Structure formats: structure tokens, C-alpha cells
Amino acid sequence: MNSSTTVRTARRRTLRVAAAALTAAAALTLTACSGSDAAGAKPVSHSDTAKAAVEFSGAGSSAGVQGSDAQASAGAKADAKTGAAGKQPGSAHAAAAKAASPVRTQRLADGISKAEIYQLGDQHYRAKIVARGSVLATMETNGHDDGLDANDMFVTLTLDGQVHSWMGGGHQGPGTFKLAGGWTAKVTKVGELRYRAQIIGHDGVAATLETNQHDVGLDANGINIVLSSGGVISAHE
């Protein structure tokens, strides 16, 4: 081995030793720094961990919470709606039961028909005219009396649910006619199946009846009056 080779080998060894020394020093320095940081660092608590987790999750966690709240709210609303739909006040049940069955049944003037009277509300009644099991006509009060001409049998239904019926006594309008109870009826035709009757007393016109393809009736101080859609008027005390 010559001198130059010996020198290069020595240099390599020196460099390796220096590198090893530097690595060891760096490791010691890093260990010392780590120890120093660990000694001076503040311990991480459960709350800090939780806070960090929340901050990390960010909007996603917020959306998840909002979604859960929305689902809970929707469920509560659905339950409330279902409960409201399934629950009815006792008064509604009572009204439905009352409307389903007649308050009374009354025989009519022809001796064949009868009226089934139903109460639907305050001053609100319905009367079904029934003969031999079939409903021939329906009358209803809703803020006013009602009347019917059923083949020359006249029927009135009043606001208090009273039914009156009589046979005959009709006058064919147009014209002016004397009625029971001292009333006078002036009947005029105002259209197809549409007649108007002014009920006149001592003090002038007391009431007006008008048909519009439907018979009408009136209780005029105890005198029952019917005007048919064909212009026939009849009254009975």
C-alpha cells in the first residue's frame, strides 16, 4: 500500500467518525429539546381533546347536529299532527251523532209520507220527506225557513225545526191572491222556474219569497206559506 492510499483511508475513517459524532450529538440535542418541551408543555385535558375534535369536524359536525335536530323536530311535528288528526273534541262526536239520527219523525198531511227531522246546528235543521222507504225530497233551514210543494201537499220547515203540512189551497201565479191570516201575495214571474211573491200586510210588504229552481217557504206570524218554483202559492194557518 502506498502513502496516498493510506492517507485516503485515514480521511474516510475520520469522516465516518465525525459523521457518527455529529449524528450522536444531534440525537442528544433532539432528546434534550424533547425533554425540555415535554417538561414545559401543558398537559392535554379531555376537554381540550373534545374541543380539538369539534374544531376538526367543523361544519360536518354542525350539519350532523342540525340534521338530528331537524329529524327530531319533524318527528315531533308528525306525532303532534297524527295526534291532532286522531283526536276529536267530544262536542264534534256529539254533533255527528245528533246529525246521524233524527230528533223526531212526523206524519204528514197526505197520510202516507213522513218527515224525518235532523238537527245540524243552532237554527239549522234538515227534513227528509220519506214515503214507502224512499226519500222523496229534502228540506233544510240555514238562516231561513224552507218550503216544499209535493204534488199539492205543501210542507214548511222552520228555523226551530217545526214541520207543518197541508193539502191543496194553491194559487197559480202570476197574480195577486188573498191568503190565510189576512195576508195578500203578489206573485210575479222573473225567469225560468223563478217566481217572486211579495207578502203584503196592513203595513205594506212584510216579506218577499223568491224561487230559483227551488221551492221556498215562510212562517209569517204563524201562517205557513209555500211558493213553488212553478209559481204556485199556498198558505195555511
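Our subject is the structure that appears above.
Now for a quick tour of the structure.

The rules behind the values
- Residues numbered from 1 in each chain as written.
- Predicted model: local features only at pLDDT ≥ 70, side-chain atom pairs only at ≥ 80, totals over all residues.
- Heavy atoms only, no water.
- Helix = DSSP H or I, 4+ residues; strand = E, 2+ residues; numbered from the N terminus.
- Buried < 20%, exposed > 50% of the residue type's maximum accessible area, 1.4 Å probe, protein only.
- Lys, Arg positive; Asp, Glu negative; His and termini not counted.
- Salt bridge = Lys/Arg side-chain N within 4 Å of Asp/Glu carboxyl O.
- Polar contact = N/O pair within 3.5 Å; in protein donor to acceptor, adjacent residues only side chain to side chain.
- Contact = heavy atoms within 4.5 Å.
- Pairing = 2+ DSSP bridges.
- Core = buried A, V, L, I, M, F, W, Y, C linked by side-chain atoms within 4.5 Å.

1. Observations concerning the side chain of D146
- Position of D146 among the secondary structure elements: in strand β5 (residues 146-150).
- For the buried D146, no salt bridge is present, and the opposite-charge side chain at shortest range is R126, 9.1 Å distant.
- A polar side-chain atom of D146 sits 3.0 Å from the main-chain amide nitrogen of E140.
- With residues near it in sequence (within four places) discarded, D146 still touches M139, E140, T141, V155, T156, L157, H214, D215, V216 and G217.

2. Observations regarding the sheet that holds strand β15 (residues 232-236)
- Strand order in the open sheet formed by four strands is β8-β15-β14-β13, with antiparallel pairing between adjacent strands. The outermost strands of the open sheet, each flanked by one partner alone, are β8 (171-172) and β13 (216-220).
- The sheet contact formed by β8 and β15 spans two bridges and is antiparallel. Pairing of H171 across the sheet is with I233, part of β15.

3. Observations concerning the pattern of salt bridges
- As enumerated under the stated definition, the model contains three salt bridges in all.
- Here E210 makes a salt bridge to R194, at a shortest N to O gap of 2.8 Å. Residue E210 is found in strand β12 (residues 204-210), and its partner R194 is found in strand β11 (residues 194-201); the two are separated by 16 residues along the sequence.
- Residue class for E210 comes out partly exposed when judged on its relative accessible area of 28%.
- Connected through salt bridges with shared partners, the residues R194, R196 and E210 form a single ionic network.

4. Remarks on the nonpolar core
- Membership of the largest hydrophobic core comes to 17 residues, with the highest contact counts inside it found for L179, V187, I199, L209, I225, L227 and I233.
- Residue assignment for this core shows that the elements contributing at least two residues are β10 (184-191), β11, β13, β14 (223-227) and β15.
- Once residues within four sequence positions are removed from consideration, I225 is found in contact with T156, W166, L179, I199, L209, V216, G217, L218, A220, I233, S234 and A235.
- Counting twelve residues, the second-largest nonpolar core is a separate cluster that includes I117, Y125, L148 and V163.

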